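Take a look at the letters that make up each chain.
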Amino acid sequence: MAQEVIKIRGGQTLKGSVEINGAKNSSVAIIPATLMAEAPVTLDGLPQISDVETLVSLLGDLNIKTELNGTTLSVDPTQIENAPLPNNKVESLRASYYMMGAMLGRFKKCVIGLPGGCPLGPRPIDQHIKGFKALGATVDESSMTSMKIEADRLIGANIYLDIVSVGATINIMLAATRAEGQTIIENAAKEPEVVDVANFLNSMGAKITGAGTSSIKIVGVSHLHGSRHAIIPDRIEAGTYMCIAAACGESIHIDNIIPKHMEPLTVKLKELGVTIETGDDYMIVQAAAPYKSVDIKTLVYPGFATDLQQPITPLLFLANGPSFVTETIYPERFRHVQELQKMNGLITADRGTATVKPSQLTGAEVYASDLRAGACLIVAGLLAEGVTTIYNVKHIYRGYTDIVKTLKALGADIWTEQVEA
Ligand code: EPU
């Protein structure tokens, strides 16, 4: 069977501008949330990625009418049916777990397959389940392939998350929106995507306050009306292009950014020595290697994002000494390390920390084990001498709109080829 690969001949200087798309991790929660409305909803600014297509198709499985036109999605949930969703679409992405909170809120019942997603080590959903149970649901996990969640009544509760979790915070917020009375989520995730989902739910008539802080209050409502909502810009896509610009950019203009969301990365790039000019909704980033070595530790927002840990790593090969990258969210999120070694990168990973030493990368055949590992290999390929071939690019297409076309327009020597698997 043929598969697509991405090939990059490194060493070009990139110039021009990039327009950032809507946030993947908002979109993948907001699309399921549309099923809670009792009237049509329109979403603007969606990224054109396969995870969006998969979720739209899952809405179709519930007899919801959808029309995806470029970056705009129209959803008409008025004929919705509560069908079981134990299928391979659910397993193809992580965010399908948001169908649980949305369907539980709307129907008080759902049967759904187990979520998949990037292999980043263990990714339990115990905090989501703890939240659903606190709201009065029973959760049947006896099947190996699906879960049944149901409640006679959903009743607001005080829920303290043992771990700060984006997914659990959003999923509980979804279900609690239709619970009777007040729910408080303590130790909630503060990521901008949580705020975007809360704003969307409020635009449909929900009563959520405190999103963006560690304590979110949700007063349940009995109906959600239609709405039109624009997705916030993707801070991880923006961050990836900032890393690309820092690797080999000459004044790359990155538009449609919320600079505040970029701060944890901007600070680190400036520490390296990257030249960055910040405007109201844009940044201009220019490579200025050789860089100073830096240490990075991933943390929940507003700390340094785990999703940018892999894309920033190739920049550390351009530093004047060893750098250390510590991953605290997913301590096993280091599957890019062996691929970078194939490219002659002096990098090792041990017990949650990677050590990166100055190196000249060379082209090689490498595998994208997950979405952000794929982004990391693209940055590395742009820096390497010779041609890099990236396999398993389906992961990259799950999260980056037209990345090959965008990089080509900036002057990268990048193309796709079909090869025998
Ligand atoms: N965790 C638990 N129990 C839970 C939930 C989470 O132990 O019930 C742990 C996780 O194993 C992890 C930590 O808590 O160690 C944080 O996980 P979180 O729930 O915040 O992650 P997520 O919601 O599953 C989202 C993004 C990820 C991103 C993380 C962290 C989506 C669809 N995914 O995942 O994005 O890495 O938050 O910011 O929003 C990506 O875009 O490449 C990606 C993997």
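As the structure is a computational prediction, the values presented were derived from the model and not from experiment. (Residues numbered from 1 in each chain as written. Predicted model: local features only at pLDDT ≥ 70, side-chain atom pairs only at ≥ 80, totals over all residues. Heavy atoms only, no water.)

## Re the site of the ligand
Working step 1: Neighbouring residues of the ligand: 26 residues in total, closest Gln-127, Ser-165, Asp-307, Ile-329 and Arg-372.
Working step 2: Here a nitrogen atom of the ligand and a side-chain polar atom of Asp-126 are 2.8 Å apart.
Working step 3: Backbone polar atom of Gly-167 to an oxygen atom of the ligand: 2.8 Å apart, as the coordinates give it.
Working step 4: With the chains in place, 91% of the 830 Å² that the ligand exposes on its own is no longer accessible.
Working step 5: Under a 2 Å grid-point criterion requiring more than half of the atoms, the pocket assigned to the ligand is the largest pocket.
Working step 6: Taken together, the elements giving at least two residues each to the shell around the ligand come down to α1 (24–33), α5 (126–134), α6 (166–177), α10 (306–312) and α12 (371–383).
Working step 7: Partitioned by chemical class, the residues of the shell around the ligand number 13 nonpolar, six polar and seven charged. (Near = heavy atom within 4 Å. Polar contact = N/O pair within 3.5 Å; in protein donor to acceptor, adjacent residues only side chain to side chain. Areas by Shrake-Rupley, 256 points an atom, 1.4 Å probe, with all protein chains shown as cover. 1 Å grid on protein atoms, 1.4 Å probe; cavity = no way out; pocket = protein on both sides within 12 Å on 5 of 7 lines; lining within 4 Å. Sits in = over half its atoms within 2 Å of the grid points. Helix = DSSP H or I, 4+ residues; strand = E, 2+ residues; numbered from the N terminus. Nonpolar A, V, L, I, M, F, W, Y, C, P; charged D, E, K, R; others polar.)

## As for the pattern of salt bridges
Working step 1: Per the counting criterion, the structure on display carries 16 salt bridges.
Working step 2: A salt bridge links Asp-162 to Lys-130; the shortest N-O distance between them is 3.0 Å. Residue Asp-162 is found in the loop between β9 (158–160) and α6, and its partner Lys-130 is found in helix α5; the two are separated by 32 residues along the sequence.
Working step 3: A salt bridge links Lys-405 to Asp-402, with the nearest nitrogen and oxygen atoms 3.9 Å apart. (Salt bridge = Lys/Arg side-chain N within 4 Å of Asp/Glu carboxyl O.)

## As for the side chain of Asn-21
Working step 1: Secondary-structure assignment places Asn-21 in the loop between β2 (14–19) and α1.
Working step 2: The exposure class assigned to Asn-21 is buried, which follows from its relative accessible area of 17%.
Working step 3: In this structure, Asn-21 is in contact with Pro-47, Ile-232, Pro-233, Asp-234, Glu-237 and Thr-401, ignoring residues within four places of it in sequence. (Buried < 20%, exposed > 50% of the residue type's maximum accessible area, 1.4 Å probe, protein only. Contact = heavy atoms within 4.5 Å.)

## What about unusual backbone geometry?
Most peptide bonds adopt trans geometry, and most residues besides glycine take a negative phi value.
Working step 1: The linkage connecting Ala-289 with the following residue, Pro-290, adopts the cis geometry, with an omega of 5°.
Working step 2: In this structure, Pro-290 sits in the loop between β16 (282–286) and β17 (295–297).
Working step 3: Following Tyr-301, the chain continues into Pro-302 via a peptide bond in cis, with omega recorded as 10°.
Working step 4: Considering the arrangement of structural elements, one finds Pro-302 in the loop between β17 and α10.
Working step 5: The backbone phi angle of Asn-344 is positive, close to 70°, even though this residue is not glycine.
Working step 6: Residue placement: Asn-344 occurs in the loop between α11 (337–342) and β19 (346–350).
Working step 7: Positive phi is not limited to glycine here, since Asn-392 has a value of about 70°.
Working step 8: Secondary-structure assignment places Asn-392 in the loop between β22 (387–391) and α13 (394–397).

## A closer look at the sheet that holds strand β4 (residues 65–69)
Working step 1: Here we have four strands laid out as an open sheet, ordered β4-β5-β3-β13, and mixed in their pairing. Edge positions in the open sheet fall to β4 and β13 (227–230), since each of these has one partner strand only. Strand-to-strand twist across the sheet, computed as the mean angle between neighbouring axes with direction ignored, equals 10°.
Working step 2: When strand β3 (residues 41–44) meets β13, the two strands line up parallel, connected through four bridges. Each residue of the ladder has a partner; that of Thr-42, found in β13, is Arg-228.
Working step 3: Sheet strands touched by helix α2 (residues 50–60): β4 and β5 (72–76). Its angle to β4, the strand with the most contacts, is close to 160°. (Pairing = 2+ DSSP bridges. Axes fitted to C-alpha atoms, helices over the stretch in contact; angles between N-to-C directions.)

## Digging into the UniProt feature "binding site: phosphoenolpyruvate" (unreviewed entry) in the chain
Working step 1: The sites that carry the UniProt feature "binding site: phosphoenolpyruvate" (unreviewed entry) are, in the present numbering, Lys-24 and Asn-25. Considering only the annotated residues already named, the ones lining the largest pocket are Lys-24 and Asn-25.
Working step 2: Setting aside residues no more than four positions away along its own chain, Lys-24 makes contact with Pro-47, Ile-49, Asp-51, Asp-234, Leu-371, Arg-372, Arg-398 and Gly-399.
Working step 3: On the secondary structure map, Asn-25 appears in helix α1.
Working step 4: Asn-25 sits in the partly exposed class, given a relative accessible area of 25%. (UniProt positions renumbered as here; feature names shortened; annotations may be inferred.)

## Focus on α6
Working step 1: The terminal C-alpha atoms of α6 lie 17 Å apart, and with twelve residues this matches the ideal 16 Å at 1.5 Å per residue to within 8%.
Working step 2: For α6, a buried count of eleven out of twelve residues is recorded, marking the element as mostly surrounded by other parts of the structure.
Working step 3: Of the positions making up α6, those classed as buried are Gly-167, Ala-168, Thr-169, Ile-170, Asn-171, Ile-172, Met-173, Leu-174, Ala-175, Ala-176 and Thr-177.
Working step 4: Of the residues that open α6, the one with a side-chain oxygen 3.4 Å from the backbone nitrogen of Gly-167 is Ser-165. (Expected span 1.5 Å × (residues − 1).)

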